[in-house]
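Single-letter residue listing:
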Amino acid sequence: MTDHVLTYMTFIPLAGMVVVLLLPRDNHNLIRWVSALFTLPPLLLAFWLYAHFDPSNPGLQFAAKLPWIQAYNIYYSVGVDGVSISMVLLTALLCFLCIFASWGIDKAVKGYFALFLLLDTGMMGVFVALDFFLFYIFWEIMLLPMYFLIGIWGGPRREYAAIKFFLYTLFGSVLMLLAILALYFTSDPHTFDMTQLIAQSGKYSTTPLSLWPFDRWGWGFQHVVWMALFIGFAIKIPAFPFHTWLPDAHVEAPTAISVILAGVLLKMGAYGILRINFPMLPAATADLAYYFLAALGTWNIIYGALCAMAQTDLKKLVAYSSVSHMGYVMLGMATFTPQGISGAVLQMFNHGTITGMLFLLVGVIYDRAHHRDINGFGGLAAVMPVYTGVTGLAFFASMGLPGLSGFISEVLVLLGAWQKYPVLTVVGASGVILTAGYLLWTIQRIYLGPTNEKYQQLPEINGRELFTLVPLGIIVILLGVYPHAILDLLRASLDHLNQIVIPHLS
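Thresholds applied
Residues numbered from 1 in each chain as written. Predicted model: local features only at pLDDT ≥ 70, side-chain atom pairs only at ≥ 80, totals over all residues. Heavy atoms only, no water. Helix = DSSP H or I, 4+ residues; strand = E, 2+ residues; numbered from the N terminus. Rg over C-alpha atoms; globule rule 2.2 N^0.38 Å. Buried < 20%, exposed > 50% of the residue type's maximum accessible area, 1.4 Å probe, protein only. Contact = heavy atoms within 4.5 Å. Pairing = 2+ DSSP bridges. Phe/Tyr/Trp six-rings, centres within 6.5 Å; stacked < 30°, edge-to-face > 60°. Lys NZ or Arg CZ within 6 Å of the ring centre and 35° of its normal. Patch = residues over 30% accessible without salt bridge, like charges linked within 9 Å, V, L, I, M, F, W, Y side chains within 5 Å. Areas by Shrake-Rupley, 256 points an atom, 1.4 Å probe, with all protein chains shown as cover. Salt bridge = Lys/Arg side-chain N within 4 Å of Asp/Glu carboxyl O. Core = buried A, V, L, I, M, F, W, Y, C linked by side-chain atoms within 4.5 Å. Polar contact = N/O pair within 3.5 Å; in protein donor to acceptor, adjacent residues only side chain to side chain. Axes fitted to C-alpha atoms, helices over the stretch in contact; angles between N-to-C directions. Parallel < 35°, antiparallel > 145°, perpendicular 65-115°, else oblique. Expected span 1.5 Å × (residues − 1). Bend = angle between axes of the 7 residues up to and from the residue.

Enquirer: I tried to follow the overall build of the protein on my own but got confused; where do I start?
Expert: The number of helices and strands found in the protein is 21 helices and 2 strands. The C-alpha radius of gyration computed for the protein amounts to 22 Å, which stays within 12% of the reference 23 Å derived for 506 residues, consistent with globular compactness. If you line up the protein on its principal axes, its C-alpha atoms span 70 × 55 × 45 Å. Within the span of the protein, comprising 506 residues, buried residues form 63% of the whole. At a minimum sequence separation of 6, the contacts of the protein that also span at least 24 residues come to 79%.

Enquirer: Would you mind going over the pairing of strand β1 (residues 61-69) with me for this structure?
Expert: Put simply, side chains in a regular strand alternate between the two faces of the sheet. Both β1 and strand β2 (residues 74-80) contribute to a ladder of 6 bridges, which runs antiparallel. Bridge pairing in β2 links Q61 to V80. Count of turn residues in the β1/β2 antiparallel hairpin: 4 residues, of which N73 carries a positive phi of about 60°.

Enquirer: What exactly am I supposed to notice about the environment of G437 here?
Expert: Summarising the element assignment, G437 is placed in helix α19 (residues 422-447). A sequence separation of 132 residues divides G437 from A305, and the C-alpha atoms of the two residues are 9.1 Å apart.

Enquirer: Is there a simple way to explain the packing of aromatic side chains in this structure?
Expert: For any pair of aromatic rings, the description consists of the separation of the ring centres together with the inter-plane angle of the planes. The final tally for this structure, using the stated rule, is 32 aromatic pairs. Taken together, a centroid distance of 6.1 Å and an interplanar angle of 50° make the contact between F11 and F138 tilted. Taken together, the residues F11 in helix α1 (residues 5-22) and F138 in helix α5 (residues 132-153) connect sequence positions 127 residues apart. When the ring of F96 is compared with that of F467, the centres are 6.2 Å apart and the planes differ by 70°; the resulting orientation is edge-to-face. With F96 in helix α3 (residues 82-101) and F467 in helix α20 (residues 463-481), this pair connects stretches of sequence that are 371 residues apart. By relative accessible area, F96 is classed as buried at 11%. Linked through ring pairs, W33, F96, F100, W103 and F467 together constitute an aromatic cluster. Lying across the ring of Y75, K65 places its NZ or CZ 4.6 Å from the centre. In this arrangement the basic side chain of R445 is found over the ring face of W441, its NZ or CZ atom lying 3.7 Å from the centre.

Enquirer: For this particular structure, what's the right way to read unusual backbone geometry?
Expert: Working note: non-glycine residues mostly have negative phi, and peptide bonds are mostly trans. Of note, the amide linkage connecting D188 to P189 takes the cis form, showing an omega dihedral of 0°. Relative to the helices and strands, P189 is located in the loop between α6 (158-186) and α7 (194-199). The step from F240 to P241 runs through a cis peptide bond, and the omega angle for that step is 5°. Checked against the element boundaries, P241 lands in the loop between α9 (221-236) and α10 (245-252). The phi angle at N73 is positive, at roughly 60°, despite the residue not being glycine.

Enquirer: Explain the environment of H351 to me, please; I cannot follow it from the model alone.
Expert: Locating H351 in the fold gives a position in helix α15 (residues 338-369). It is 31 Å that separates the C-alpha atoms of H351 and V224, two residues lying 127 residues apart in sequence. What H351 contacts, discounting residues up to four positions off in sequence, is A262, L266, K267, S322, H325, M326 and G356.

Enquirer: Hey, could you run me through the side chain of T353 in this one?
Expert: Checked against the element boundaries, T353 lands in helix α15. Residues contacting T353, with those up to four places away along its chain left out, are L90, L472, I475 and V476.

Enquirer: Sorry, what's going on with a nonpolar patch on the surface here?
Expert: Nonpolar side chains collect at one region of the surface, where V470, I474, I477, L478, V481 and Y482 lie side by side and expose about 580 Å² of accessible area between them. Along the chain, L478 turns up in helix α20.

Enquirer: Help me understand the pattern of salt bridges in this model?
Expert: Any two side chains of opposite charge can pair, on the condition that their charged atoms come close. Inspection of the entire model under this criterion finds 8 salt bridges. The residue K65 makes a salt bridge to D193 at a minimum N-O spacing of 2.8 Å. Remark: D193 occurs in the loop between α6 and α7 and K65 occurs in strand β1; sequence separation between them is 128 residues. The class of D193 is buried, set by a relative accessible area of 5%. Taking the shortest distance from any N to any O, the salt bridge between R275 and D81 comes out at 2.9 Å. With a gap of 194 residues between them, R275 in helix α11 (residues 255-280) and D81 in the loop between β2 and α3 connect regions that are remote in the sequence. Here the residues in one salt-bridge network are R157, K164 and D248, joined through shared partners.

Enquirer: Whenever I open this one, the nonpolar core confuses me. Can you help?
Expert: Nonpolar side chains in soluble globular proteins generally cluster together in the buried interior. Ranked by internal contacts, the top residues of the largest apolar core, which has 198 residues, are F132, F135, L183, I260, F278 and M333. Ranked by the residues each element gives to this core, the list is headed by α11, at 17 residues. Apart from the residues lying within four places of it in its own chain, the contact partners of F278 are I273, T285, A289, L293, M333, F336, L497 and V501.

Enquirer: What should I look at first to understand the side chain of T39 in this one?
Expert: The topology assignment puts T39 in helix α2 (residues 28-52). Looking at T39, its side chain comes within polar contact range of the main-chain oxygen of A36, at 2.9 Å. Ignoring anything within four residues of it in the chain, the contact list for T39 reads C95, F96, I99, L117 and D120.

Enquirer: Explain the packing of α1 against α2 to me, please; I cannot follow it from the model alone.
Expert: Between two packed helices, what matters for the description is the angle formed by their axes and the separation of those axes. It is the contact of α1 with α2, at a shortest axis distance of 9 Å, that shows an interaxial angle of 180°. As far as their axial angle goes, α2 and α1 are roughly antiparallel. For the pair formed by α1 and α2, the contact residues are V5, L6, Y8, M9, I12, P13, A15, G16, V19 and V20 on the first element and I31, V34, S35, F38, P41, P42, L45, A46, W48 and L49 on the second.

Enquirer: Honestly, helix α14 (residues 314-333) in this entry has me stumped. Any pointers?
Expert: Because an α-helix packs 3.6 residues into every turn, residues spaced three or four apart end up facing the same way. Relative to the 28 Å expected for 20 residues at 1.5 Å per residue, α14 spans 29 Å between its end C-alpha atoms, a close match to the ideal helical length. With 19 of its 20 residues buried, α14 lies for the most part within the structure. The distance from a side-chain oxygen at the start of α14 to the backbone nitrogen of K315 is 2.9 Å, and the residue carrying that oxygen is D313.

Enquirer: What's the story with α1 in this structure? I'm lost.
Expert: Relative to the 26 Å expected for 18 residues at 1.5 Å per residue, α1 spans 26 Å between its end C-alpha atoms, a close match to the ideal helical length. By the largest-angle criterion, F11 marks the main kink of α1, which is about 35°, and a proline, P13, follows within four residues. Listing the buried residues of α1 in full gives V5, L6, T7, M9, T10, P13, G16, M17 and V20. On the buried face of α1, the contacting elements are α2, β1, β2, α3, α4 (109-128) and α5.

And the structure:
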């Protein structure tokens, strides 16, 4: 069990895809329930993984390594540390819940659920892969099903949004592939093993290249590879100016796919920087990430919040709020302090649960009113009190209300950032005010005031919808009171990461 648990978690959904494809296409309920059945074991195994994980061990746990393409020293290698196990938990939970959030899909049902299960395998594989070749395959596996899930089952502009997502991600993937090949041919012996590449990090040259403009900038091999990887990951975060695919993809995607986009895919960018850029290229990290990443994160916080405030489409507002909240992740990562970097990873987890709730709630109201215009509602609190209460919880968590999970992670980020970037911290902290502004204004326009006569008979949120929201709400409250449930997982792994990078900062 210990040796193969990660393999089971990764490939059980793939087996589910095969089973779904063999089912009768007209039996929609059977397809839905079988898909749910195959996302349940990864969730149960994630709980088992959490219970048996040793948080005092900074190394990789539950590792498995098998020869694959030996001629090129490629292995099937998987494992988790404190950072990746938190993302594995998040992925397993959201995929299971999103199957039930997809119950309303009635167009090409077999194709939708088969692609969703393939997407589940790709996402889980990214977080457990320890071989660069395997990591890249899983990274690319995600691209194909997400393209079709948006392009076929999305909104009116679904083709445009899907192609834009595809092109942005493909551009980042090309840069990432070039960086991976550069690291492979520089290593001795040639290897794709991430642990070996990290062990050889001191061999990667930082001597400025004799090629313009790198000679002017003082960039060596490490710096060029770091930036190529960073752009590939920054597109996924998404960091400014690579963020423009996100609002279109979110607005056009089905509800469950928006949850996966915000809850899991955005985290892959930040995870890649933590897993690969920081420990594998520590000298370049010290030169390029120390202030640049902090400034970029601060810009994301303010820019995303201002864009969200300007939106009249509720789904686009939540999408831009993701741009803002992921800015805290970048700011925290750039601190290289225990508080800041722990807050960054906790923010990754918290953002996945909170924004997942928000997109599910947007889907609930869209299914009933068939539009998302913020100014087109009014007084829904009197019509749908339970729905309004759950929405209030998600909104207050997103704005960082004390006692809810968003507050803890943002405060940790700001505490860590204050030690290194006091001016940027003050600017970034003002994002909390902007966030409260656009969320409270949204609550006022949609849920308070006189009831819109057109929506006086809207049905209340139903049991299936509550089933997808209640677990996330419990986590939001639990981590707001007891954040150590996640923080304890991270401490040893992040301390080890800092020990690799911090000596280069001086």
